[in-house]
Amino acid sequence: MNWLLSTLIFFLTLLAAGIALYLITARRYQSSNSVANSYDQWTEDGILEFYWGEHIHLGHYGSPPQRKDFLAAKSDFVHEMVRWGGLDKLPPGTTLLDVGCGIGGSSRILARDYGFAVTGITISPQQVQRAQELTPQELNAQFLVDDAMALSFPDGSFDVVWSIEAGPHMPDKAIFAKELMRVLKPGGIMVLADWNQRDDRQKPLNFWEKPVMQQLLDQWSHPAFSSIEGFSELLAATGLVEGEVITADWTKQTLPSWLDSIWQGIVRPEGLVRFGLSGFIKSLREVPTLLLMRLAFGTGLCRFGMFRALRANTVTPSAEQTTGIKVAQK
């Protein structure tokens, strides 16, 4: 009996130490540099690419969701987003800016399968280097280090602006919305997919949701999540949107991704051989956050939002003042 009690105490102590270490070593957002450093590290060690493939975003499992290969679901997501945004009707040579391109998975599909001229930007130099390594020279896709909060491109540079799951890293969502719309040509299309918090103006976070949301922010260098409603309002407030911002909720279609990402570590044990004990510990460290993400999206605390907006041909006076865009009024 004493042996069993000692064993139980040992494992409980180990569990408590693991939880404490998880909390102490959180990767909180501090600046754009903290985001860049996080992605540089994830890219350098190769673990994230090994398990998540070339797409560092969730997969699309259909509606209703069906069992799919994890990596195939990620590619399917890109094609579903193209169709939802109406981009499949655009001609080859359409210029597209991929904001938060990661290691270029979506950019390569957009260039290869749709003939778009793609420019992918990320704040991580290591991601740019890896994206360039993975991209065949014949594809019309280039990758640059750039900050989505202050894009280096002139006003009206692209036919399409595209972004997947970059928004939570942006400290000022209003500036992010303005930059996305600013670099669009008049009549251009902005299509964005993102992790969103429930609109707490309508239903405030309760006693358990607040600490869960704080961990989701702290662990992956996120300053804040916007709500679907809130970010739609910020897009409209730029004065650069023609008509209404179109939104959709893809929570159900993407929800299996969280547990599938954990399952990859079980069904692909060769990762332990490739990355050794340190790699195993790094991978294991992400499991609590993945489970919290599944909890948040499964209970309605978080939602997977889709956004589509057209760039207006004219600019309202308020937008002209805040963005510096000079367009003749009709």
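In what follows, the accompanying structure is described. Note that the structure is predicted; figures quoted are calculated from it, not measured.

**Here we look at the sheet that holds strand β4 (residues 158–164)**
Strand order in the open sheet formed by 7 strands is β3-β2-β1-β4-β5-β7-β6, and the pairing between neighbours is mixed. Each edge of the open sheet carries a strand with a single partner, namely β3 (141–145) and β6 (241–249). Adjacent strand axes in the sheet meet at a mean angle of 15°, parallel and antiparallel pairs treated alike. When strand β1 (residues 95–99) meets strand β2 (residues 117–122), the two strands line up parallel, connected through 5 bridges. Note that in β2 the partner of L97 across the bridge is T119.

**A look at the side chain of T238**
Locating T238 in the fold gives a position in the loop between α9 (228–237) and β6. In this structure T238 comes out as buried when scored by relative accessible area, which is 0%.

**What to know about the nonpolar core**
Counting residues in each nonpolar core, the largest one holds 58 residues, and the members touching the most others are L87, W162, W195, W258 and F304. Grouped together as the second largest cluster of nonpolar side chains are 27 residues, V183, I228, L240 and A309 included.

**Remarks on the pattern of salt bridges**
What the rule picks out here adds up to 17 salt bridges. Among the salt bridges present, the one from D155 reaches R182, with a minimum N-O distance of 2.7 Å. Of this pair, D155 sits in the loop between β3 and β4 while R182 sits in helix α7 (residues 173–182), placing them 27 residues apart in sequence. Given a relative accessible area of 36%, D155 falls into the partly exposed group. Its salt-bridge partner being E229, residue R303 comes within 3.0 Å of it at the nearest N-O pair. Here R303 is found in strand β7 (residues 302–311), whereas its partner E229 is found in helix α9, with 74 residues between them in sequence. R303 gets classed as partly exposed once you look at its relative accessible area, which sits at 21%. Accessibility expressed as a relative area gives 24% for E229, which makes it partly exposed. Here the salt bridges share partners, and the residues they tie into one network are E49, R130 and E133.

Conventions and cut-offs
- Residues numbered from 1 in each chain as written.
- Predicted model: local features only at pLDDT ≥ 70, side-chain atom pairs only at ≥ 80, totals over all residues.
- Heavy atoms only, no water.
- Pairing = 2+ DSSP bridges.
- Helix = DSSP H or I, 4+ residues; strand = E, 2+ residues; numbered from the N terminus.
- Axes fitted to C-alpha atoms, helices over the stretch in contact; angles between N-to-C directions.
- Buried < 20%, exposed > 50% of the residue type's maximum accessible area, 1.4 Å probe, protein only.
- Core = buried A, V, L, I, M, F, W, Y, C linked by side-chain atoms within 4.5 Å.
- Salt bridge = Lys/Arg side-chain N within 4 Å of Asp/Glu carboxyl O.

None of the figures reported here should be taken as evidence of function without further support.
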